[in-house]
Every structure is written in C-alpha cells, then in structure tokens.
Amino acid sequence: MRNFIIVIVTILSGLAYGWCIVKYPITAQIIAGGMGLSFLFIMMVAFYQLKKENNNEK
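Read on for a plain summary of the structure. A quick note: this is a predicted structure, and the numbers were derived from the prediction, not measured.

## Details of a nonpolar patch on the surface
Thinking step 1. Together, Met1, Phe4, Ile5, Val7, Ile8, Val9, Ile11, Leu12 and Leu15 give the surface a local cluster of nonpolar side chains, amounting to about 920 Å² of exposed area.
Thinking step 2. Along the chain, the position of Ile5 falls in helix H1 (residues 2-23).

Okay, structure coming up:
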C-alpha cells in the first residue's frame, strides 16, 4: 500500500510541476532548485546514517 501511495504522489507532483512550469516558468525553476537541493540533503543524511550503522557493526 505504501508503494502505491508513493507512485500516486509522484505522478501528482509531476503533473503539478508540469502545470507550474507552463504557467509560471521562473517560479517553477525556483521550486525545482529547492527540491533538488532538498533531495541532495536528504540523500546525504541517509548515506551518513547508513555509514554510521555499518561502522557500529564492526
């Protein structure tokens, strides 16, 4: 069920972004930049946690 919700939210956010880039291109670029930086930050935190857990197991 969780995977289904993730797929639906991804599709809806893609459609919303597509509408936003047609109507408001500058705003959409700012949103995309913020989402990209947020994604990088989340991935950095996730990799840090994985590395921290792997070091504790040794």
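Still to come is the rest of the account.
## Considerations on the packing of H1 against helix H2 (residues 25-57)
Thinking step 1. Following both chains from N to C, one finds H1 and H2 inclined at 140 degrees, their axes separated by 6 Å at the closest point. The orientation of H1 with respect to H2, classified from their angle, is oblique. Note on element contacts: H2 touches H1 through Pro25, Ala28, Ile31 and Ala32, opposite Tyr17, Cys20, Ile21, Val22 and Lys23.
Thinking step 2. Taken together, the residues that form the contact of H1 with H2 break down as eight nonpolar, no polar and one charged.

## So, the packing of aromatic side chains
Any two aromatic rings considered together are summarised by their centre-to-centre distance and by the angle between their planes.
Thinking step 1. A full pass over the atoms with the stated rule returns one aromatic pair.
Thinking step 2. With 6.0 Å between their ring centres and 75 degrees between their planes, Trp19 and Tyr24 make a pair best called edge-to-face.
Thinking step 3. The exposure class of Tyr24 is partly exposed, given its relative accessible area of 45%.

About the cut-offs
Residues numbered from 1 in each chain as written. Predicted model: local features only at pLDDT ≥ 70, side-chain atom pairs only at ≥ 80, totals over all residues. Heavy atoms only, no water. Patch = residues over 30% accessible without salt bridge, like charges linked within 9 Å, V, L, I, M, F, W, Y side chains within 5 Å. Areas by Shrake-Rupley, 256 points an atom, 1.4 Å probe, with all protein chains shown as cover. Salt bridge = Lys/Arg side-chain N within 4 Å of Asp/Glu carboxyl O. Helix = DSSP H or I, 4+ residues; strand = E, 2+ residues; numbered from the N terminus. Axes fitted to C-alpha atoms, helices over the stretch in contact; angles between N-to-C directions. Parallel < 35°, antiparallel > 145°, perpendicular 65-115°, else oblique. Contact = heavy atoms within 4.5 Å. Nonpolar A, V, L, I, M, F, W, Y, C, P; charged D, E, K, R; others polar. Phe/Tyr/Trp six-rings, centres within 6.5 Å; stacked < 30°, edge-to-face > 60°. Buried < 20%, exposed > 50% of the residue type's maximum accessible area, 1.4 Å probe, protein only.

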